[in-house]
Amino acid sequence: MIRSRSLILPMTGPFASTGRQIDAGTRVYMAQHGDSVDGRKIEIILKDDGGVAANSKKIAQELIVNDKVNVIAGFGLTPITLAVAPIATQSKTPMVVMAAQTQSVTDASPYIVRSSGTIPQVTAGVAQWATKNGFNKVVTLVPDYAPGYESETALKKYFGGSGGTIIEEIRVPMRNPDFAPFLQKVRDLKPDGLFVMLPSGPGAALLKQYGQRGLEDAGIRLIGHGAITDDDNLNEAGDASMGVVTSDYYSTAHPSELNKKFVADYKKIDPTARPNFFGVAGYDGMHLIYAALKKTDGKGNGDQLLEAMKGLSFESPRGPVTLDPDTRDFIQNIYLRKVEKVDGVLYNVEFDVVENVNAFGETK
């Protein structure tokens, strides 16, 4: 038996939706591809860290020392990933990060590979689109922590570097932010657009307040990182999200046959939700693990499994992906999406694509 699937996820607490998405995505993959590779059984071990880094570190140590797992995976947040990274390095255990998108995460251990995306990678798409679509002056609104800063930096590079002007940078606290005073400030500044990067939960709240404060009526268009229109809770935001343009590596509405099957099978696992960018990252993370085990005949040690993952190319429900051997991140398509109603339900409908984008937001 290969104890290769050990997931460390926030299944409870404020980030439980991330854990639920990743867990469901991995279950879809196993439902489609079986629970064995070349006849060798794969055991599922799921551990809830509650989104607390100290818990994650303790769980990882126990899984590696006591359960002798071949791979550790999951990791819903950057601090969690950074806490576990030294353990992966010391034990030479491949660590498949399925969520945390801070670009520097893969630098924390040579044993980390990532199946989601990076903040600069996702931000670059909408930043470049904005420069070609009438955005001259923009205000940024991001959370006051590392992913927010990375998104600001990427916008400066790809929007500011192409002639756009960022007239104000607003950073909001992560815990229970009240967006009303910030949005009033934006309205007073009268930019062409407001760029927002926020986690999905606060993103839905901001969308509602954006509508309530009349920014759209004032001609201030909202654009952003794809998390603000997270497919998992997009419909909670209501019609205030209509027409919002974002970029990301995945949409539930991605029009491929492989994605249609993924979405349908996801519904069988979790009828209460639809897959988002973390759901597909869980699915593709399992593909990396299965493919590596197959290449090593299920007998590879940590270094061999890691090398087997590097350079893997395959068709995902999100589109074509390649695990860059240098950054250990996916080179992937970044889609421009607009929120529209399809059969009365809100979706991120793709209308353009930037192909083969690397971890830094550059096209390869």
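Look up a bit, the structure's there.
What counts and what doesn't
- Residues numbered from 1 in each chain as written.
- Predicted model: local features only at pLDDT ≥ 70, side-chain atom pairs only at ≥ 80, totals over all residues.
- Heavy atoms only, no water.
- Helix = DSSP H or I, 4+ residues; strand = E, 2+ residues; numbered from the N terminus.
- Rg over C-alpha atoms; globule rule 2.2 N^0.38 Å.
- Buried < 20%, exposed > 50% of the residue type's maximum accessible area, 1.4 Å probe, protein only.
- Axes fitted to C-alpha atoms, helices over the stretch in contact; angles between N-to-C directions.
- Parallel < 35°, antiparallel > 145°, perpendicular 65-115°, else oblique.
- Left-handed = near helix turned anticlockwise from the far one by under 90°.
- Contact = heavy atoms within 4.5 Å.
- Nonpolar A, V, L, I, M, F, W, Y, C, P; charged D, E, K, R; others polar.
- Salt bridge = Lys/Arg side-chain N within 4 Å of Asp/Glu carboxyl O.

Visitor: Would you mind going over the overall build of the protein with me for this structure?
Guide: Counting secondary structure elements, the protein contains 11 helices and 15 strands. Here the C-alpha atoms of the protein give a radius of gyration of 20 Å, agreeing with the 21 Å that 2.2 N^0.38 yields for 364 residues. Referenced to the eigenvectors of the C-alpha coordinate spread, the extents of the protein come out at roughly 60 × 40 × 40 Å. Considering the protein as a whole, with its 364 residues, one finds that 57% of them fall into the buried category.

Visitor: What's the story with the packing of helix α1 (residues 16–33) against helix α10 (residues 277–295) in this structure? I'm lost.
Guide: Helix-helix packing is characterised by the crossing angle of the two axes and by the distance between the axes. Following both chains from N to C, one finds α1 and α10 inclined at 45 degrees, their axes separated by 7 Å at the closest point. On the basis of their axis angle, the class for α1 and α10 is oblique. As α1 runs across α10, the sense of the crossing is right-handed. Of α10, the residues touching α1 (which contributes T18, Q21, I22, G25, T26, V28, Y29, M30, Q32 and H33) are F278, G279, G282, Y283, M286, H287 and Y290. Classifying every residue of the contact of α1 with α10 by side-chain character gives eight nonpolar, nine polar and no charged.

Visitor: I keep staring at the pattern of salt bridges and nothing clicks. Help me out?
Guide: Pairing between side chains of opposite charge can happen when their charged atoms approach one another. Per the counting criterion, the structure on display carries 16 salt bridges. In this structure, the salt-bridge partner of D23 is R27, at a minimum N-O distance of 3.0 Å. Remark: R27 and D23 occur in helix α1; sequence separation between them is four residues, near one turn of the helix. Judged by relative accessible area, which is 34%, R27 ranks as partly exposed. Among the ionic pairs, K157 bridges to E362, the shortest N-O distance being 3.6 Å.

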